[in-house]
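Here is what each chain is made of, one letter per residue.
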Amino acid sequence: MNPFSSGTRLRDMIRAIRACKTAAEERAVVRKECAAIRAAISENDQDYRHRNLAKLMFIHMLGYPTHFGQMECLKLIASAGFPEKRIGYLGLMLLLDERQEVLMLVTNSLKQDLNHSNQYIVGLALCALGNICSAEMARDLAPEVERLLHGRDPNIKKKAALCSIRIIRKVPDLAENFMGPAASLLKEKHHGVLIAGVQLCTDLCKANTDALEYLRKNCTEGLVRILKDVSNSPYAPEYDIAGITDPFLHIRVLRLMRMLGQEDADSSEYMNDILAQVATKTESNKNVGNAILYECVETIMGIEATSGLRVLAINILGRFLSNRDNNIRYVALNMLMKAITVDAQAVQRHRTTILECVKDSDASIRKRALELVFLLVNDGNVKPLAKELIDYLEVSDQEFKGDLTAKICSIVEKFSQEKLWYIDQMFKVLSLAGNYVKDDVWHALIVVISNAPDLQGYSVRSLYRALQTSYEQESLVRVAVWCIGEYGEMLVNNVGVLEVEEPMTVTESDAVDAVEVALKRHSSDMTTRAMSLIALLKLSSRFTPTSERIKEIVTQHKGSVALELQQRSIEFNSIIQRHQNIKSSLVERMPVLDEAAYLGKRAGSSQPTLSAEKSSKPTTSAASLKLPNGVAKPPAAPLVDLLDLSSDDAPVLPSAPNDFLNDLLGIGLPNSSSSGAAPSTTTDLLMDLLSIGTSPAQNGPSDSNVVPSSAKAAESKPAPVTAPVMDLLDGLPSNASPPRDENLVYPTITAFESSTLKIAFSFEKQPEKPQVTLISATFTNLSSSTLTNFIFQAAVPKFVQLHLDPASSSTLPANGNGTITQSLRVTNTQHGQKPLAMRVRMAYKFNDEDKLEQGQISNFPPGL
Amino acid sequence: MGIRFVVLVNKQGQTRLAQYYCDHMTVSERRALEAEIVRKCLARTDHQCSFVEHRNYKIVYRRYASLFFLVGVDNDENELAILEFIHLLVETLDRHFGNVCELDIMLHLEKAHFILEEMVMNGCIVETNKSSILAPIQLMDKAS
């Protein structure tokens, strides 16, 4: 029976599998085959072992589990014949990986085969070892491999060299043993040995600097000679590819030269001549020639080459870039990315061509080119480049728009020198690809607009104009709605018209129309709608004639299924109907947002969601005043985000109690604190309004006598609430939140109680470290027998850190005649955001029986 | 580090030969990866470049009649050289099988593996001389 003409049965199986019409049929065939193979394995069938393994490899390739064949591989490897070993090793490499325990069993067979007299068997073992060896095997078998490196047979030497690569990658310490043999491999004539030797040297250089120094000293000369020989060699039929002798050897040698010449002037100088020769003489009309040129250019860029050589390299890249073959253009772009650190000027010369590549029909080329353009941008060329990119945005593929938009936004933000230009570019991006603009980008835009009083009129008019054509771009709609709400009168009265603007007439009802469309569009999401409602409220006070209409629009949302919209609608409706006298001051323009704070914050956290950023801000103590009225539930999240804009910009004061109020007041009435005047009710209302979104149900307004200046003193007592304010609080529970405890005294709680055990927690907190709580736990035995071997364990959520001190004892006397105490230190990293929670587990011996009790503690006093 | 995997698929996207080097994946991970790269590569037209970036790999692919050769490489590998390598692989298979086709590889899967093994080991190129690559395989054929 010939083991390699796999027998009819393998053919039959493949045919049966190919004949399957559905995946289910295929699975059935495979299942049947696997069952047969398993049966054969358990019968220890000798004759068909190899054939079964061949089948298994096919099944494995199709993506079915074949682990049950692993032991068969080992048996085949251990058998004497070459064909059996061959297929066994192949199976080993395909079906197993280094993580499997089975692999340890093969070490011995490998060792025997590495010492075998037959060179082909040695080759097999080397190949298998090179593909799968683990660190342990590498240590065991390294001496064998090292010995084989000194052998005679080139076929064994080359495999031993590649096997060494795997060994030093697994165990870098072994690298020094291979330095000498690796260097001597480069003196060989056989190309297989040379290419393997060069690859081994390259890996040694990566593995350790001693090896790099050693090879630099001993091999530079030899490498140059190899490259000279191979590039000047006469026609060699077996290694020839399109007129070039062994391009693969060329490329590997050039790569090793790059490692050796990097930051080393002496060896670089030694290489100059041969590199110049390769760069000028290599034919570039075939792919293979270009492959060598490409590697050569990279080497010239990597080493300390002469300037003449660098010019040569840059010129080759220029030729590549203008090549019509897309493969060549792709590698040129790839190479220019690396060249930009060496010679930025030279790369800049190709800017136009690179920009053309951004518009290529090939996604791979576009991606490379876009990344390159991003690196090319500087203060001098940002305007034309941004214009090109934005123009292209209009026609680009859908799937490319995301990348492109992100890059444009980042270029525009990074290099803008004047606000008008920045605003203009952002508007263009928003109207072309608003759906791809990330939240933090448009938030930043709003901050900038709010800080540019002379551009607000221009902005709102441009946005209004853009809105007419691009309602489908979500981010544009949001920015536009926000601006119309804030600067509506500038839109209607044409305030601050710039010279470049075209005159335009917008009536008050046009402005309201625009917002109404945004509110009622089906595609608008919750955030947009909520923003539209606020904008309408603001407009109703600015455009008095439209007030009646706005009231109707707002009223329509009273029945909205979205809780947030419904609540807003009801509250705003109440403002419009009942509080005409305070409305105008209530909906005053937003205070100027703090640009530096926002940008700093944005830079500090790469996460685009503001709510996530908020949680990392320890100074917000607002959450300790949280009341459970449902507004804090997840559906409100977009709103949190939204109004975040308004509260985050508030200057963050040192964390005094009530600083949240302070913040809001600080921006609401910047002057009132200096005048020390009594607060007007409107201040409270403003606070309330702002707090609806940010700090759910924060009961600020109930402290109606909070004076900005008094906030520091933290004297705010819950006081009778004035009637008009009460209206606003419809729907909020009227009980005042407990004032924050200044002395940080918390009640002792019973954390856990069962028939045998009671645990009491008492708390202590240092005022300067609000996040840290010291808990002392007291354990009491309620049963009538003593508990021994008592162990208390606790687990906390990820945002909490827990430190357990040793317990005072491990024996707990019966009937409460004594206690064990143990202190815990918990650090709540999200203090003020999330309450403390803990799971506990108590293990002890009770009447000589092991007992385990566990429980969850969720009744921690608020504020921990 | 060079080559991470060599995958051979037919026009329907069925895997016909696969070898992975260095990072081992579970069967399902491998299946998912193959499906993704096949979808990406087969959708491309002839005049687009032969390189596709996927996760942290770069896929260099080349089409021969109904067979696609996909080679996953590291980011700093020479893409043009890998294209050349694919061609060398095909020529070597051709020399052994004589005008190689999908069925040859399926029915002599282990031989295709042996040939590839003589060419790539642990992601590095072992040998580029077709006669040296095929010598052990021919010897074995003669012996059996």
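Keep in mind it's a predicted model, so treat the numbers as computed, not measured.

**A few points about the overall build of chain B**
In terms of helices and strands, chain B carries five helices and seven strands. Along its sequence from the N terminus, chain B presents helices and strands in the succession β-β-α-β-β-β-α-α-α-β-β-α. Relative to its full complement of 144 residues, chain B shows a buried share of 66%. In chain B, once contacts between residues fewer than 6 apart in sequence are set aside, the share between residues at least 24 apart is 50%. Surface accessibility of chain B: about 4800 Å² in total, with carbon and sulfur atoms responsible for 49%.

**Thoughts on the overall build of chain A**
Along chain A, the regular secondary structure elements total 39 helices and 10 strands. Across the 864 residues in chain A, those meeting the buried criterion constitute 55%. If you take every contact in chain A between residues at least 6 apart in sequence, the share linking residues at least 24 apart comes to 67%. Here chain A displays about 37300 Å² of accessible surface, and carbon together with sulfur accounts for 51% of that area.

**Details of the interface of chain A and chain B**
Each partner contributes to the interface: chain A provides 68 residues, whereas chain B provides 56 residues. Across the interface of chain A and chain B, roughly 6000 Å² is buried in total on both sides, 53% from carbon and sulfur atoms. On the chain A side of the contact with chain B, M61, R86 and F248 of chain A bury the most area, a combined 12% of that side's loss. The partner of K158 of chain A in a salt bridge is E127 of chain B, and the shortest N-O contact between them spans 2.7 Å. At the surface where chain A touches chain B, the tally comes to 30 residue pairs in polar contact (both at pLDDT 80 or more). Along the lines of polarity and charge, the residues of the side of chain A that touches chain B split into 33 nonpolar, 16 polar and 19 charged.

**Considerations on the nonpolar core**
The tendency in soluble globular proteins is for nonpolar side chains to be buried side by side. Residues and elements named next belong to chain A. L92, M257, I354 and I484 are the most contacted members of the largest nonpolar core, which has 267 residues in total. Of all the elements, helix α26 (residues 474-493) adds the most residues to this core, at 12 residues. When residues no more than four places from it in sequence are discounted, the contact partners of I354 are L321, L333, L336, V347, A369, L372, V373 and L376. Judged by nonpolar contacts, the second largest core, of 29 residues, contains L787, F790, V826 and F846.

**Let's talk about the sheet that holds strand β5 (residues 67-73) of chain B**
Strand order in the open sheet formed by five strands is β2-β1-β5-β4-β3 (chain B), and the pairing between neighbours is antiparallel. The open sheet has two edge strands, β2 (15-20) and β3 (51-54) of chain B, and neither has a second partner. On average, each strand axis in the sheet is tilted by 20 degrees relative to the strand beside it, whichever way the strands run. In the sheet, strand β4 (residues 57-64) of chain B pairs with β5 of chain B via seven bridges, with the strands oriented antiparallel. Residue V60 of chain B lies in a different strand from β5 of chain B, and its bridge partner there is V71 of chain B. Lying over the sheet, helix α17 (residues 326-339) of chain A contacts β3 and β4 of chain B, oriented at roughly 45 degrees with respect to β3 of chain B. Packing of helix α1 (residues 27-42) of chain B onto the sheet brings it into contact with β1 (3-10), β2, β3, β4 and β5 of chain B, and relative to β3 of chain B it is tilted by some 140 degrees.

**Quick word on unusual backbone geometry**
Non-glycine residue E263 of chain A carries a positive phi angle of around 55 degrees. In this structure, E263 of chain A sits in the loop between α13 (247-261) and α14 (265-281).

**Looking at the side chain of E516 of chain A**
Within the secondary structure, E516 of chain A is located in helix α27 (residues 508-520). Setting aside anything within four residues of it in sequence, one finds E516 of chain A in contact with R549 and I553 of chain A.

**Side note on the pairing of β4 of chain B**
Along a regular strand, successive side chains alternate from one face of the sheet to the other. Residues and elements named next belong to chain B. In terms of burial, β4 is largely enclosed, as six of its eight residues are buried. The pairing of β3 with β4 spans four bridges and is classified as antiparallel. Looking at β4, one finds that V52 is bridged to I59. In this structure, the hairpin formed by β3 and β4 is closed by a connection of two residues, where R55 is found at a positive phi of approximately 45 degrees. Counting the residues that bridge the hairpin from β4 to β5 gives two residues, and of these A65 lies at a positive phi of roughly 50 degrees.

**Considering the pattern of salt bridges**
In total, this model carries 48 salt bridges over all chains according to the counting rule given. E238 of chain A is the salt-bridge partner of R95 of chain B, the closest N and O atoms lying 3.6 Å from each other. Here R95 of chain B, found in helix α2 (residues 79-97), pairs with E238 of chain A, found in the loop between α12 (209-232) and β1 (240-241), and the two come from separate chains. Of the residues examined, R95 of chain B reaches a relative accessible area of 43% and is grouped as partly exposed. The closest approach of N and O atoms between R549 of chain A and E516 of chain A, which form a salt bridge, is 2.8 Å. With a gap of 33 residues between them, R549 of chain A in helix α29 (residues 547-556) and E516 of chain A in helix α27 connect regions that are remote in the sequence. Judged by relative accessible area, E516 of chain A falls into the buried class, the value being 17%. When salt bridges with common partners are traced through the structure, they connect R252, R255, R258, E295, E298 and K338 of chain A together with E77 of chain B into a single cluster.

**Re helix α20 (residues 363-376) of chain A**
Turn by turn, an α-helix covers 3.6 residues, leaving residues three or four places apart pointing in a common direction. Counted at 1.5 Å a residue, the expected span for α20 of chain A with its 14 residues is 20 Å, and the 20 Å between its end C-alpha atoms agrees. When we look at burial in α20 of chain A, the residues that qualify are S364, I365, R366, R368, A369, L370, L372, V373 and L376 of chain A. Tucked into the core, α20 of chain A has its buried residues touching α17, α18 (344-348), α19 (351-358), α21 (382-395) and α22 (398-415) of chain A together with β3 of chain B. Where α20 of chain A begins, the side chain of D362 of chain A points an oxygen toward the backbone nitrogen of S364 of chain A, at a separation of 3.0 Å.

**Quick word on the confidence of the model for chain A**
Residues and elements named next belong to chain A. Considering every residue of chain A, the mean pLDDT works out to 79; 82% of them sit at 70 or more. Across chain A, the element-wise mean pLDDT spans from 37 in helix α36 (residues 672-675) up to 94 in α13. Of the regions scoring below 50 in pLDDT, residues 1-7 engages in 13 contacts with residues more than four places distant in sequence or in other chains. Predicted confidence for residues 606-742 stays below pLDDT 50, and this span has 184 contacts to residues more than four positions away or in other chains.

**Overview of the packing of α27 of chain A against helix α28 (residues 526-542) of chain A**
Residue and element names in this part refer to chain A. Where α27 contacts α28, the two axes come as close as 8 Å, and the packing angle between them is 155 degrees. Taken as axis vectors, α27 and α28 run roughly antiparallel relative to one another. For the pair α27 and α28, the sense of crossing is left-handed. Residues A511, V512, V515, A518 and L519 of α27 lie in contact with α28, whose contacting residues are R529, S532, L533, A535, L536 and L539. Split into classes, the residues belonging to the contact of α27 with α28 amount to nine nonpolar, one polar and one charged.

**A few points about the sheet that holds strand β6 (residues 787-795) of chain A**
Residues and elements named next belong to chain A. With respect to topology, three strands assemble into an open sheet ordered β6-β9-β10, the strand pairing being antiparallel. Every interior strand has two partners, whereas the edge strands, β6 and β10 (849-857), have only one. Put simply, the sheet's adjacent strands are angled 15 degrees from each other on average, direction ignored. With seven bridges connecting them, β6 and strand β9 (residues 838-846) associate as antiparallel partners. When the bridges of β9 are listed, T788 appears paired with K845.

Calculation criteria
Residues numbered from 1 in each chain as written. Chains lettered and ligands numbered in written order. Predicted model: local features only at pLDDT ≥ 70, side-chain atom pairs only at ≥ 80, totals over all residues. Heavy atoms only, no water. Helix = DSSP H or I, 4+ residues; strand = E, 2+ residues; numbered from the N terminus. Buried < 20%, exposed > 50% of the residue type's maximum accessible area, 1.4 Å probe, protein only. Contact = heavy atoms within 4.5 Å. Areas by Shrake-Rupley, 256 points an atom, 1.4 Å probe, with all protein chains shown as cover. Buried area = accessible area lost by both parts, 1.4 Å probe. Salt bridge = Lys/Arg side-chain N within 4 Å of Asp/Glu carboxyl O. Polar contact = N/O pair within 3.5 Å; in protein donor to acceptor, adjacent residues only side chain to side chain. Nonpolar A, V, L, I, M, F, W, Y, C, P; charged D, E, K, R; others polar. Core = buried A, V, L, I, M, F, W, Y, C linked by side-chain atoms within 4.5 Å. Pairing = 2+ DSSP bridges. Axes fitted to C-alpha atoms, helices over the stretch in contact; angles between N-to-C directions. Expected span 1.5 Å × (residues − 1). pLDDT = per-residue confidence, 0-100. Parallel < 35°, antiparallel > 145°, perpendicular 65-115°, else oblique. Left-handed = near helix turned anticlockwise from the far one by under 90°.

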